[in-house]
Number of protein chains: 2
Amino acid sequence: MKIAVDAMGGDFAPLEIVKGSIEAVKAFPHMEIVLVGDEAQIHKVLSEHGEADNPRISIHHASEVIEMNEHPGIALRKKKDASIVVATRLVREKQCQAVIAPGSTGAAVAAALFGLGRIKGIDRPTIATPIPTPEGVTVMLDSGANSNSKPKHLVQGAIMGYNYARLMFGKENPTVGLLNIGEESTKGNDVVLATYKLLEQLKTIPFKGNVEGRDIPKGTVDVVVCDGFVGNVVLKFAEGLVGVVTQLLKEGIKESGLFAKLGALLVYPVFKKLKKRLDHTENGGAPLLGVNGVFMICHGSSRSKEILTAIKIAGELVERKIIENIQHSIEEEGAITYDDVD
Amino acid sequence: MKIAVDAMGGDFAPLEIVKGSIEAVKAFPHMEIVLVGDEAQIHKVLSEHGEADNPRISIHHASEVIEMNEHPGIALRKKKDASIVVATRLVREKQCQAVIAPGSTGAAVAAALFGLGRIKGIDRPTIATPIPTPEGVTVMLDSGANSNSKPKHLVQGAIMGYNYARLMFGKENPTVGLLNIGEESTKGNDVVLATYKLLEQLKTIPFKGNVEGRDIPKGTVDVVVCDGFVGNVVLKFAEGLVGVVTQLLKEGIKESGLFAKLGALLVYPVFKKLKKRLDHTENGGAPLLGVNGVFMICHGSSRSKEILTAIKIAGELVERKIIENIQHSIEEEGAITYDDVD
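Throughout, residues of each chain are indexed from 1 in the direction in which the sequence is written. The naming scheme follows written order: chains are lettered A onward, ligands numbered 1 onward. Per-residue local features are limited, in this predicted model, to residues with pLDDT of at least 70; the limit for side-chain atom pairs, both in listing and counting, is 80 or more; totals at the level of whole chains, interfaces and linings are taken over all residues. As a convention, hydrogens and water are excluded, and side-chain values are obtained from all of the structure's heavy atoms.

Asks: Please explain the overall build of chain A as it appears in this structure.
Replies: What counts as a helix is a DSSP run of H or I of at least four residues, what counts as a strand is a run of E of at least two, and both are numbered from the N terminus. Helix and strand counts for chain A stand at 12 helices and 11 strands. Considering chain A as a whole, with its 342 residues, one finds that 60% of them fall into the buried category. Across chain A, every contact between residues at least 6 apart in sequence was considered, and the portion connecting residues at least 24 apart equals 73%. Think of it in three bands: residues with accessible area under 20% of the maximum for their type are buried, residues over 50% are exposed, and the middle band is partly exposed, with areas taken using a 1.4 Å probe on protein chains only. Two residues qualify as a contact provided that any one of their heavy atoms is within 4.5 Å of a heavy atom in the partner residue.

Here it is, written out as structure tokens:
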């Protein structure tokens, strides 16, 4: 298996990206890494780590980089030789099986969309994020690829999330819920009202109706489908809340008594772990589902550890044939009548 | 000061509502309570508590009740003598200064809207919820009155939230942020993109630009403006997350070592408190801002303690002249050009 890594993406490129890739080939003997980006810079880091001659790590030169603050669409048109564009091309041309994309999420989504195209029957790709629950995870999607999701995008999200939860989290027949502000089918905004009717038509995927915000951390259903705006706000809110709580615990919980202070010290590591599980970075990124290839979106602040994890997840997604499974599900579901709700 | 309490609203009416009202007149010597609902039932509870002759508690008979599961609009048209309708009328007729509304949020919002009307310049009322932060609170609104908020509703929300934060949480010149999925003004869905441009036009309210989900628990700004769908999801997600964590702590944190277990026991009360602060019920409900009168929305599962707190908050909102302050702010801001973004 060969993974294309955008070695120039993110705040700590190429150093941390290359380091993560070196760790990956050590950890996963069946993997080869193609580092995409400025050959001289990448070679320098490899040499410094004594890995310049590692036969399982190669360099594919790309002369340009898309920066974090660039407009994705404009940058993509202008920079034909950007590292993320070239890495994506390697997958399209079947030279590699997956892309690791640290850096600008917008540019990554655009590069994936234009470079790989969409799976037939999928109109927009979606970012899937596992949220920890007491018994496992809830897969929430979309967590930020689209900020104006329409009903059909949510339905396609349900199909993709179902397969992702099934293949990656050992759920045999994952249940799907629609994120809403009440359980009744008459609740919600125009988009979710229309989506509910479409989800009810799914033949192969167990739709459990509306769920509310509280059901995400509870794990009421395995997959929660929502608009990318809502999902992104929820994800960042969770990160913020856990971050604040961890900080408070670290400070010994201001104005608390001695016992609570002691308790805080003792329980702090548990929260630090929870924070890590929620953090994009620590999770090694999230898969962009719906494009014709395995594509991992990593945080701009990714360090070697996150790159290592992202490569591991990418490998599993390839091995478990996520693309083929989504294709199969879409075909199984057949034509869904979107007409009156677009 | 006279407060109209819908004594028939919610799961534990009239018992818990009447009990909360009795506690309120004891706690606040300047207050009188008018219990609205079935005279016989209310009188029975008052008698059982030896308060039938309390001169500061009176009963205003109403023959009907809107149940939790009824469609708000239909119920309101059908049940002209519903307790929530009659309680609202007492405020419209200046016999009382505020309404306490436990029970169906939808019916309460509808009764307030039709019974009190809107403040001039406000198109839709909004529910404001204080979210605890390390240093105080972030006021989030709308947290569930509207699930299809338009830009102008969000701008009006900013004006209302600013005044609520200023009057109730001792902030001198509260800052306002727009909930979005990135800090740049070019980020977000169509509604927030249009809202951003309108908020920039505010003359008297310090708009600090976009904020993200993580800024709510951090307290980056004093007021966070968002669509009611998003706000409701975030609020319930927070309740759920804190609930799950509290539960895990209570169970001694599964699979943890002895120290973490001990820590969990010690820190549990702190989380129980956090959970209470997030919980609608424990907060005594949230004000519905934008209608022509002080109106407290309480949870359907409200017990006496929540009713007591709601009455206290309602009293403060009346004393601090929330309605007049919002009116003044709207006038100060003058005409905002909504034309091209509606």
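Asks: What should I look at first to understand the sheet that holds strand β10 (residues 286-289) of chain A in this one?
Replies: Pairing between the strands of a sheet comes from backbone hydrogen bonds, and it takes one of two forms, parallel or antiparallel. Residues and elements named next belong to chain A. Sheet architecture is open: 11 strands sit in the order β3-β2-β1-β4-β11-β10-β5-β6-β9-β7-β8, paired in mixed fashion. At either end of the open sheet lies a strand with only one pairing partner, and these are β3 (57-61) and β8 (207-211). This sheet shows a mean twist of 30° between the axes of neighbouring strands, independent of strand direction. Being paired, for any two strands, means DSSP has found at least two bridges between them. For strand β5 (residues 126-133) and strand β6 (residues 136-141), the ladder comprises six bridges, and the chain directions are antiparallel. Looking across to β6, one finds that Pro132 is bridged to Val137. Comment: axis = line fitted to C-alpha atoms, over the contacting stretch for helices; angle = value between 0 and 180 degrees taken between N-to-C directions.

Asks: Quick question: what am I supposed to make of the pattern of salt bridges here?
Replies: Charged atoms that come close allow side chains of opposite charge to pair. Salt bridges are defined by distance alone: a side-chain nitrogen of Lys or Arg within 4 Å of a carboxyl oxygen of Asp or Glu. One pass over the structure, following the stated rule, counts 22 salt bridges over all chains. A salt bridge links Glu16(A) to Lys19(A); the shortest N-O distance between them is 3.6 Å. Highlighted residues: Glu16(A) and Lys19(A), both in helix α1 (residues 15-27), separated by three residues, approximately one helical turn. Glu16(A) gets classed as buried once you look at its relative accessible area, which sits at 9%. One salt bridge connects Glu239(B) with Arg214(A), and the closest N-O pair in it is separated by 3.6 Å.

Asks: What exactly am I supposed to notice about the sheet that holds strand β5 (residues 126-133) of chain B here?
Replies: All names here are of chain B. Ordered in space as β3-β2-β1-β4-β11-β10-β5-β6-β9-β7-β8, the 11 strands form an open sheet in which the pairing is mixed. Each end of this open sheet is capped by a strand with a single partner; those strands are β3 (57-61) and β8 (207-211). Recorded for the sheet is a direction-independent mean angle of 30° between the axes of neighbouring strands. The pairing of strand β7 (residues 176-179) with β8 spans three bridges and is parallel. From the neighbouring strand, Leu178 faces β8, where its bridge partner is Asn210. In this fold helix α11 (residues 304-319) packs onto β1 (2-6), β2 (32-37), β4 (98-102), β10 (286-289) and β11 (294-298), with an angle of close to 160° to the strand it touches most, β11.

Asks: Could you clarify how one ought to interpret helix α6 (residues 151-168) of chain B in this entry?
Replies: Residues three or four positions apart in an α-helix share a direction because the helix packs 3.6 residues into each turn. A helix is expected to span 1.5 Å for every residue after the first. When the terminal C-alpha atoms of α6(B) are compared, their 25 Å separation across 18 residues agrees well with the 26 Å that a helix rising 1.5 Å per residue should span. Of all 18 residues making up α6(B), 17 are buried, and the element is well covered by its neighbours.

Asks: What exactly am I supposed to notice about the packing of aromatic side chains here?
Replies: Aromatic ring pairs are described here by two measures, namely the spacing of the ring centres and the angle between the planes. Residues and elements named next belong to chain A. What counts as a ring pair is set by centres within 6.5 Å for rings of Phe, Tyr and Trp (its six-membered ring), and what kind of pair is set by the plane angle: stacked under 30 degrees, edge-to-face over 60, tilted for all other angles. Inspection of the entire model under this criterion finds five aromatic pairs over all chains. Summarising the aromatic geometry, the rings of Tyr196 and Phe207 are spaced 5.3 Å apart at their centres and angled 75° between planes, so their arrangement reads as edge-to-face. Here Phe207 lies in strand β8 and Tyr196 lies in helix α7 (residues 190-199), a separation of 11 residues in the sequence. One exposure class covers both Tyr196 and Phe207, and it is buried. Stacked on the ring of Phe12, the Lys or Arg Arg303 has its end atom at 3.7 Å from the ring centre. Remark: a charge is flagged as sitting over a ring if the NZ atom of Lys or the CZ atom of Arg is within 6 Å of the ring centre and within 35 degrees of the ring normal.

Asks: What exactly am I supposed to notice about helix α2 (residues 39-48) of chain B here?
Replies: All names here are of chain B. Burial in α2 covers these residues: Ile42, Val45 and Leu46. The arc that holds the buried residues of α2, viewed along the axis, is 100°, so those residues lie on one side. Of the exposed residues in α2, the ones pointing more than 90 degrees away from its buried face are Ala40, Lys44 and Glu48. Looking at the buried positions of α2, the neighbouring elements they touch are α1 (15-27), β2 and β3. Taken from the residues just after α2, Gly50 is the one with a positive phi, measuring 65°. Here the arc refers to the directions that run from the helix axis out to each C-beta atom.

Asks: Got a minute to help me understand the nonpolar core in this structure?
Replies: In a soluble, globular protein the nonpolar side chains are often hidden away together inside. Core analysis: the largest hydrophobic core is formed by 154 residues, its most contacted members being Ile100(A) and Ile100(B). Contacts of Ile100(B), omitting those with residues within four sequence positions, involve Ile3(B), Ala4(B), Val5(B), Asp6(B), Met296(B), Cys298(B), Ile307(B), Ala310(B), Ile311(B) and Ala314(B). Nonpolar cores are built from buried Ala, Val, Leu, Ile, Met, Phe, Trp, Tyr and Cys residues. Side-chain atoms within 4.5 Å join them into one set.

Asks: Explain the environment of Met140(A) here, please?
Replies: Residues and elements named next belong to chain A. Positionally, Met140 belongs in strand β6. According to the relative accessible area criterion, Met140 is buried, its value standing at 0%. Each C-alpha atom, one on Met140 and one on Val224, is 4.8 Å from the other, the two residues being 84 residues apart in sequence. If we ignore the near neighbours within four places in the chain, the residues touching Met140 are Ile127, Ala128, Thr129, Ile131, Ile216, Val224, Cys226, Gly231, Val234 and Leu235.

Asks: Would you explain the packing of helix α6 (residues 151-168) of chain A against α7(A) in this entry?
Replies: Two measures define how a pair of helices packs: the angle their axes make with one another and the distance between the axes. Residue and element names in this part refer to chain A. Closest axis-to-axis distance for the α6/α7 pair is 8 Å, and the angle between their directions is 45°. With respect to α7, the element α6 is oriented oblique. Taken as a pair, α6 and α7 cross one another with a handedness that is right-handed. The segment α6 lies against α7, with Pro151, Lys152, Leu154, Val155 and Ala158 engaging Val191, Ala194, Thr195, Leu198 and Leu199. Of the residues contributing to the contact of α6 with α7, the split by class is eight nonpolar, one polar and one charged. Put simply, angles under 35 degrees are roughly parallel, angles over 145 are roughly antiparallel, angles from 65 to 115 are roughly perpendicular, and the rest are oblique. For any pair of crossing helices, the crossing counts as left-handed if the nearer helix is rotated counterclockwise from the farther one by less than a right angle, and right-handed if it is rotated clockwise. Any residue outside Ala, Val, Leu, Ile, Met, Phe, Trp, Tyr, Cys, Pro, Asp, Glu, Lys and Arg is labelled polar, Gly included; the first ten of those are nonpolar and the last four are charged.

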